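Working through the structure, step by step
Residues per chain, in single letters:
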Amino acid sequence: DRMPTPCVTYTIGRALYVAMTNRCNAVSLIESRGPSFSPSKFMQPLPAGFEPSPAQVAEAVQQGMKSSSEIPSELCFAGAGEPLIRLRALEEAAALIREQQPNLLMRINTNGLVPQSEAADVATRLHKSGIRAASVALATSDADQYAELMKPESIRLSPAFSLPMGLSEVQGFCTACISAGMSVECTAVERPEVDIDSARALAESLGASFRARSWHPS
């Protein structure tokens, strides 16, 4: 398991970021920032076909903590993909990191696309593993616009039945995280067609804080 772990961690400011996967169940949070947004000065996607094990994540975090010019103030599960796609591995990695770095604040950057029937369980599992904060991409206050902007995949529950995912699931996940004891920040990108004030009002109605992210047109 102690093989090189390329691109698993990267640093932005005083935060150490961790990539779990390149896979995503919607438009990725990087793509949602606009066609000219490029995070390549900070991060590279994981190598094709590679997803780190919990032990590899913990090892990469240890290396990242040692190599940072100043001690990171927080650790964030993010990356090119959606970290909740690998929930079990994320839980195990967070628990290992908490053993090594008990005072390090851990948070997650996520699209929050979790089925409503699973939201409370997922939020409780994240909190139990040591993750205390979530940044959730609300994107907009309008459900139809959300579907257009984020293009969420449906969850196939059987050959005959699939569950469409959308803004109501994101809202439910935010509420579940707050109920589990996590602090939640909702975000939306300042695209010309998005009503940022309305998105902020929705976030605050859920009990979350709000941050607008910059839009990068072509």
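Predicted model, so just to flag it, every value in this text is computed and none were measured. (Residues numbered from 1 in each chain as written. Predicted model: local features only at pLDDT ≥ 70, side-chain atom pairs only at ≥ 80, totals over all residues. Heavy atoms only, no water.)

**With respect to the pattern of salt bridges**
Any two side chains of opposite charge can pair, on the condition that their charged atoms come close. With the rule as written, the count across this model stands at 8 salt bridges. Glu51 is the partner of Arg86 in a salt bridge, and the nearest nitrogen-oxygen pair spans 3.5 Å. Taken together, the residues span a long stretch of sequence, with Arg86 in the loop between strand E3 (74-78) and helix H2 (87-100) and Glu51 in the loop between strand E2 (15-19) and helix H1 (54-67) at a distance of 35 residues. Residue class for Arg86 comes out buried when judged on its relative accessible area of 14%. Residues Glu74 and Arg107 are paired through a salt bridge, measuring 2.9 Å at the closest nitrogen-oxygen approach. Pair noted here: Glu74 is in strand E3 and Arg107 is in strand E4 (residues 105-110), with a separation of 33 residues, a long-range link. Summarising the burial analysis for this pair, Glu74 and Arg107 share the class buried. (Salt bridge = Lys/Arg side-chain N within 4 Å of Asp/Glu carboxyl O. Helix = DSSP H or I, 4+ residues; strand = E, 2+ residues; numbered from the N terminus. Buried < 20%, exposed > 50% of the residue type's maximum accessible area, 1.4 Å probe, protein only.)

**Observations concerning the sheet that holds strand E8 (residues 183-189)**
Read from one edge of the open sheet, 7 strands run E1-E2-E3-E4-E5-E8-E9, paired in mixed fashion. In the strand order of this sheet, the two ends are held by strand E1 (9-12) and strand E9 (209-213), each with one partner. Strand-to-strand twist across the sheet, computed as the mean angle between neighbouring axes with direction ignored, equals 25 degrees. In this sheet, strand E5 (residues 131-137) lies alongside E4 in parallel orientation, the contact comprising 5 bridges. Paired with Thr110 across the bridge in E5 is Val136. (Pairing = 2+ DSSP bridges. Axes fitted to C-alpha atoms, helices over the stretch in contact; angles between N-to-C directions.)

**A short note on the state of the cysteines**
The final tally for this structure, using the stated rule, is 0 disulfides. Free of any disulfide, Cys7 has its nearest cysteine sulfur in Cys76, 17 Å distant. We note that Cys186 lacks a disulfide partner, and the nearest cysteine sulfur, in Cys174, lies 3.6 Å from it. A residue is classified by how much of its surface remains accessible, and Cys186, at 0% relative accessible area, is buried. (Disulfide = S-S within 2.5 Å.)

**A short note on the packing of aromatic side chains**
In total, this model carries 1 aromatic pair according to the counting rule given. Summarising the aromatic geometry, the rings of Tyr10 and Tyr17 are spaced 5.3 Å apart at their centres and angled 20 degrees between planes, so their arrangement reads as stacked. With relative accessibility at 9%, the residue Tyr10 sits in the buried group. By relative accessible area, Tyr17 is classed as buried at 11%. Over the aromatic face of Phe37 sits the side chain of Arg33, whose NZ or CZ is 4.4 Å from the ring centroid. (Phe/Tyr/Trp six-rings, centres within 6.5 Å; stacked < 30°, edge-to-face > 60°. Lys NZ or Arg CZ within 6 Å of the ring centre and 35° of its normal.)

**Quick word on unusual backbone geometry**
The phi dihedral of Ala139 is positive, around 75 degrees, even though this residue is not glycine. As for its position among the elements, Ala139 is in the loop between E5 and helix H4 (143-150). Even without being a glycine, Lys151 presents a positive backbone phi close to 45 degrees. Examined against the element boundaries, Lys151 turns out to sit in the loop between H4 and strand E6 (155-158). Lys151 gets classed as exposed once you look at its relative accessible area, which sits at 55%.

**Thoughts on the pairing of E4**
Burial runs high along E4: 5 of the 6 residues are buried. As judged from the 4 bridges shared by E3 and E4, these two strands associate in the parallel manner. Bridge assignment links Phe77 to a residue of E4, and that residue is Ile108. Handedness of the crossover joining E3 and E4 through H2 is recorded here as right-handed. (Right-handed = clockwise from strand over helix to strand, strands pointing away.)

Limitation: the analysis is restricted to geometry and does not speak to function.
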